[in-house]
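The chain contents come next:
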Amino acid sequence: MKQSANWTRKHLIGLENVKPSEIDVIHDTARSFRKTLGRSVKKLPSLRGKTLVNLFMEPSTRTRLAFELAAKRLSADVISIIGQSSSLTKGETLKDTAKNVEALNADMIVLRHSCAGSSLYLSNVVDVPVINAGDGAHEHPTQGLLDSFTLRDHLGELKGKKITILGDILFSRVARSNVFALTKLGAHVTLAGPATLVPSGFTTLGVEVCHDLRAALADADAVMLLRIQHERQSSTHFPSLGEYTSMFGLNQNRASWLKPDAIIMHPGPVNRGVELDSALADSKRSVILNQVTNGLAIRMAVLYLCGVASDLEKKGKKK
Amino acid sequence: MKQSANWTRKHLIGLENVKPSEIDVIHDTARSFRKTLGRSVKKLPSLRGKTLVNLFMEPSTRTRLAFELAAKRLSADVISIIGQSSSLTKGETLKDTAKNVEALNADMIVLRHSCAGSSLYLSNVVDVPVINAGDGAHEHPTQGLLDSFTLRDHLGELKGKKITILGDILFSRVARSNVFALTKLGAHVTLAGPATLVPSGFTTLGVEVCHDLRAALADADAVMLLRIQHERQSSTHFPSLGEYTSMFGLNQNRASWLKPDAIIMHPGPVNRGVELDSALADSKRSVILNQVTNGLAIRMAVLYLCGVASDLEKKGKKK
Amino acid sequence: MKQSANWTRKHLIGLENVKPSEIDVIHDTARSFRKTLGRSVKKLPSLRGKTLVNLFMEPSTRTRLAFELAAKRLSADVISIIGQSSSLTKGETLKDTAKNVEALNADMIVLRHSCAGSSLYLSNVVDVPVINAGDGAHEHPTQGLLDSFTLRDHLGELKGKKITILGDILFSRVARSNVFALTKLGAHVTLAGPATLVPSGFTTLGVEVCHDLRAALADADAVMLLRIQHERQSSTHFPSLGEYTSMFGLNQNRASWLKPDAIIMHPGPVNRGVELDSALADSKRSVILNQVTNGLAIRMAVLYLCGVASDLEKKGKKK
């Protein structure tokens, strides 16, 4: 595989400023990689000899595993630094940690951090590619890429399609990255949920805000649920989990409001019986496990494309 | 190495239903692999490009390391998910975790779990091979395989040989898997220890139960000690560690009751001075470290055989 | 690369008894390896198929990562056992843990342990190479090697050069290993800091002890700061962090006492604003990040040289 003329980014910080044609390049690359996953020998030599460092200052087994497996499929070595248990990061600034990682000859850094803007900051202080794996309430670009990739699989081109994102949207980087990706690809996005979690200010992002669940589901081609972050919620956003479920949980009755071929998505892990009925999570409508596999292919594509761009930049500097 | 006609299992859940000829296949395969361990270049390409996931919902560095090293010797990639520290597993069912791991393109799952039956359950919900690395008080099949393999090394064929298993047998998956393996291979097994830890009901498994330590040791060709799980014991099973040691600990005096060439085994880690005298653990009678090395060879054999069986099944489905 | 006639050690326990010519061999080997770090494909096949076990009974992400990356660059597999979270090490002696690791076919052990002498002890009970990654207040030989390597880069040959080590020297294995390395290479070493942290007894090591910071800095070619271990300090050694900083912290004013081309070193992680002013840490004088990269090359060299020596010893035994 060669470098695409449509991809020159070394870092992937967010989707807000990515062009639709760049999303196409990532999706095309991910589609190629996905085909290799079923082979009996799955390793590709693309990143052989390179070292990826997962710098996860906020815990996330799920996303970290996907990046780790993606890197290994491309023959890279992977080192994971888990912030909370690491003496590396104790009493040290993020910049110092990253400069140390770079001095240890890392070739790429995947950063998960609780502060919005941390990935952008890091990309300005190190020379190696920085991939944002979630920065506070800002963006989670690979999630937005894998969700839009999954939607394209099932709905074809997204122009004019209606996608409803339902749940705890207020501080959701997943929702933000999806809004950027989906609107760029021409979809109509509706954000739904209780007014406390979905303030009307979101309309400035070019989406519809809807607090009537039936209306939000009625004409949707896909409904994307967000995990209720009960560990983050304070009592001010909604009275109780049970209250949320009774008002906005997607159950069999409410799913009947959907069009017959509308699909159900969830970034995982699902709180069965809270935001999503257990039987629905396992139903034919659900593409939740496809999202997981697509997440692997998307991370392979992002690591590959940013890695090649970085190599080309280095060669350019040498000349 | 090719697929044996005598091995068609994709999963290894326990030894209760395994045929003696299947134990022979595993032992023969392990013997071949063990020869490769001494080489200066030890890697075999058997599982190149495959990903093994160690799903350890109960902590066990020892068993996990053995599986990890076995997989790496066969050129597989290994990802370890340690349940208690993993956000992947928080508030998620075992099935969901496993389905996610499978969707991330894992090729095999090694499961350690505190619930008896968890591995069997998992083998019914995922398509990839499931290897049981210990499920509650049920089975720990690779331990039974490595112990019987070690016994064959030292005693030759086991038909008619007398093996005494001594210690905390009541909830021991190690004892159960050994009973199944050893009786299938024709050995006479005696379970020994205090009546509270070795109830007479065990005779239904086709073994002898003996509460007289001297009688249990007198004619044994091997004595296999079990670790006293002091963290699990409630005061009802025996009054104190000291009491256990004074009544059933294997010390120099009691070892003199053994036949001169009888061997001493222990699955580790040894509580020196509790169930086993420290000098005995280091004596010529002790084959404890051989068990460790054999554990590596056995896990290589199991991963290899189940991996090949799974590949053949997949090819069969495609036709 | 072949075995040097000047290197026959299988273990690296400390620098106290290493010859200057052995330091030269390590530095020469590290220099060769460092050249390979910039290549686009960086893996060398030197330790292919070998397994390195990082046995870290004391936490140290930084040193562990450097060894892990060094081993992977040489194509070895790496297993890290972190003592405090490991059930392997619970209630088990260090010897038993190491014998188990060896029985699992490990080819080398890198040991970090809080007890002085633990690496020497381990080298007497296992057959595989033991590399000391820090044993209590005794030695941290790879740190001494990387620091002297960095000094040679910047100052050329060290004969007659003046190196000041400043800070918490009393219990510092970093200081001890540096003293051994630097005096062997002909440098004049001054230990500086408050009298409570730098007792005059250190002069028996062939170095100068100086409690006057200005005098210690005035003629130095390099000043090597040590991290103030505030977690280890009791109040008896100095009244407070602020007190230490005001008396011995290296700030812009005190740096002006240095010769214009004197360099500043620190083993990391830097407590910015405590023992070292933040701007100085990032200044042209600072070679802190060079130390990190050199640490990778030094560990590659040590693993390589001890590995080759061990292989030769094994071949010798076979004859």
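Residues numbered from 1 in each chain as written. Chains lettered and ligands numbered in written order. Predicted model: local features only at pLDDT ≥ 70, side-chain atom pairs only at ≥ 80, totals over all residues.

From N to C terminus, chain A includes eleven helices and nine strands. A globule of 319 residues ought to have a C-alpha radius of gyration of about 20 Å, and chain A, at 20 Å, matches this closely. With the principal axes as the frame, chain A shows a C-alpha extent of 60 × 45 × 40 Å. When burial is assessed residue by residue, chain A has 55% of its 319 residues classed as buried. (Helix = DSSP H or I, 4+ residues; strand = E, 2+ residues; numbered from the N terminus. Rg over C-alpha atoms; globule rule 2.2 N^0.38 Å. Buried ≥ 20, exposed ≤ 12 C-beta atoms within 10 Å, placed from the backbone.)

What follows covers the domain arrangement of chain A. Residues and elements named next belong to chain A. Partitioning chain A into structural domains gives domain 1 (20-140 + 293-318) and domain 2 (142-288). Facing 18 residues of domain 1, the contacting portion of domain 2 comprises 18 residues. Elements with a minimum of two residues in the side of domain 1 that touches domain 2: α1 (20-37), β4 (130-135) and α11 (288-318). Of the residues assigned to the side of domain 1 that touches domain 2, the class counts are eight nonpolar, seven polar and three charged. (Domains from an automatic or database assignment. Contact = placed C-beta atoms within 7 Å. Nonpolar A, V, L, I, M, F, W, Y, C, P; charged D, E, K, R; others polar.)

Residues and elements named next belong to chain A. Following G268, the chain continues to P269 via a peptide bond in cis, the omega torsion being -10°. With respect to the element layout, P269 can be found in the loop between β9 (263-265) and α10 (278-281). Of note in this structure, S75 is not a glycine but carries a positive phi near 75°. For S75, the location among the structural elements is in the loop between α2 (61-73) and β2 (77-82). Here S75 falls in the partly exposed class, since 17 other C-beta atoms lie within 10 Å of it. For N105, which is not glycine, the phi dihedral falls at a positive 80°. By the element assignment, N105 lies in the loop between α3 (94-103) and β3 (108-113).

We now examine the interface of chain A and chain B. Counting residues at the interface gives 22 residues for chain A and 18 residues for chain B. Contributing elements (two or more residues each) for the side of chain A that touches chain B: α2 and α11 of chain A. For the side of chain A that touches chain B, the element with the highest residue contribution is α2 of chain A, accounting for seven residues.

Let us now look at the relation of the copies chain A and chain B. Both copies of the chain are placed relative to one another by a rotation about an axis and a shift along it. Taken as rigid bodies, chain A and chain B are interconverted by a rotation of 120° and an axial shift of 0.0 Å, the fit giving an RMSD of 0.0 Å. On the angle and the small slide along the axis, the relation comes out as a three-fold axis. (Least-squares fit on C-alpha atoms with pLDDT ≥ 70 in both.)

As a further point, take the sheet that holds strand β9 (residues 263-265) of chain B. Residues and elements named next belong to chain B. In space, the five strands of this open sheet follow the order β7-β6-β5-β8-β9, with parallel pairing throughout. In this open sheet, the two strands that pair with only one neighbour each are β7 (208-210) and β9. Each strand of the sheet is rotated relative to its neighbour by a mean of 25°, with strand direction disregarded. Here strand β8 (residues 222-225) runs beside β9; their pairing, made up of three bridges, is parallel. Bridged to M224 within β9 is M265. (Pairing = 2+ DSSP bridges. Axes fitted to C-alpha atoms, helices over the stretch in contact; angles between N-to-C directions.)

The next point concerns α1 of chain A. Residues and elements named next belong to chain A. Its 18 residues place the ends of α1 26 Å apart at the C-alpha level, agreeing with the 26 Å of an ideal helix rising 1.5 Å per residue. Every buried residue belonging to α1 is among E22, I23, I26, H27, T29, A30 and F33, and all of these are buried. For α1, the angular spread of buried residues about the axis comes to 170°, placing them on one side. For α1, the exposed residues lying more than 90 degrees away from the buried face are P20, S21 and K35. (Expected span 1.5 Å × (residues − 1). Arc of directions from axis to C-beta.)

This part is about the interface of chain A and chain C. In this complex, chain A contributes 18 residues to the contact, which on the side of chain C involves 22 residues. Mapped onto the side of chain A that touches chain C, the elements with two or more residues apiece are β2 and α3 of chain A. Looking at the side of chain A that touches chain C, the element that brings in the most residues is α3 of chain A, giving four residues. Looking at the side of chain A that touches chain C, its residues break down into five nonpolar, seven polar and six charged.

Bringing the confidence of the model for chain A into the picture now. Mean pLDDT over chain A stands at 92; residues scoring 70 or higher make up 93%. Reported confidences for the modelled complex are a pTM of 0.94 and an ipTM of 0.92. (pLDDT = per-residue confidence, 0-100.)

Right, let's get into the packing of α3 of chain A against helix α4 (residues 118-125) of chain A. Residues and elements named next belong to chain A. Between α3 and α4, the least distance of the axes is 10 Å, while the angle of their chain directions is 50°. Compared by their axis directions, α3 and α4 come out oblique. Viewed along their axes, α3 and α4 form a crossing whose handedness is right-handed. Residues L94, K95, A98 and K99 of α3 form the contact with α4, whose participating residues are S118, L122 and V125. (Parallel < 35°, antiparallel > 145°, perpendicular 65-115°, else oblique. Left-handed = near helix turned anticlockwise from the far one by under 90°.)

Below, the discussion takes up the sheet that holds strand β1 (residues 51-56) of chain C. Residues and elements named next belong to chain C. The sheet built from four strands is open, its strands ordered β2-β1-β3-β4 with parallel pairing. The outermost strands of the open sheet, each flanked by one partner alone, are β2 (77-82) and β4 (130-135). Each strand of the sheet is rotated relative to its neighbour by a mean of 15°, with strand direction disregarded. One ladder, built from four bridges, connects strand β3 (residues 108-113) with β4; its direction is parallel. Bridging across to β4, H113 finds its partner in D135. The strands touched by helix α3 (residues 94-103) are β1 and β3; relative to β1, the strand with the most contacts, the crossing angle is about 165°. Packed onto the sheet, helix α4 (residues 118-125) meets β3 and β4 and runs at close to 160° relative to β4.

Here we come to helix α4 (residues 118-125) of chain B. Residue and element names in this part refer to chain B. Among all positions of α4, only S118, S119, L122 and S123 are buried. The buried residues of α4 occupy an angular sector of 135° when projected down its axis, which confines them to one face. Where α4 is buried, its residues meet α3 (94-103), β3 (108-113) and β4 (130-135).

Now for the pairing of strand β5 (residues 162-166) of chain A. Consecutive residues of a regular strand have side chains that alternate between opposite faces of the sheet. Residue and element names in this part refer to chain A. For β5, the buried fraction is high: five of the five residues fall into the buried class. The alternating pattern of β5 places K162, T164 and L166 on one face and I163 and I165 on the opposite face, and all of these are buried. Both β5 and strand β6 (residues 188-192) contribute to a ladder of five bridges, which runs parallel. Bridge pairing in β6 links T164 to T190. Viewed along the sheet, the connection from β5 through helix α6 (residues 173-184) into β6 turns out right-handed. Bridge analysis of β5 against strand β8 (residues 222-225) gives four bridges, and the strand direction is parallel. (Right-handed = clockwise from strand over helix to strand, strands pointing away.)

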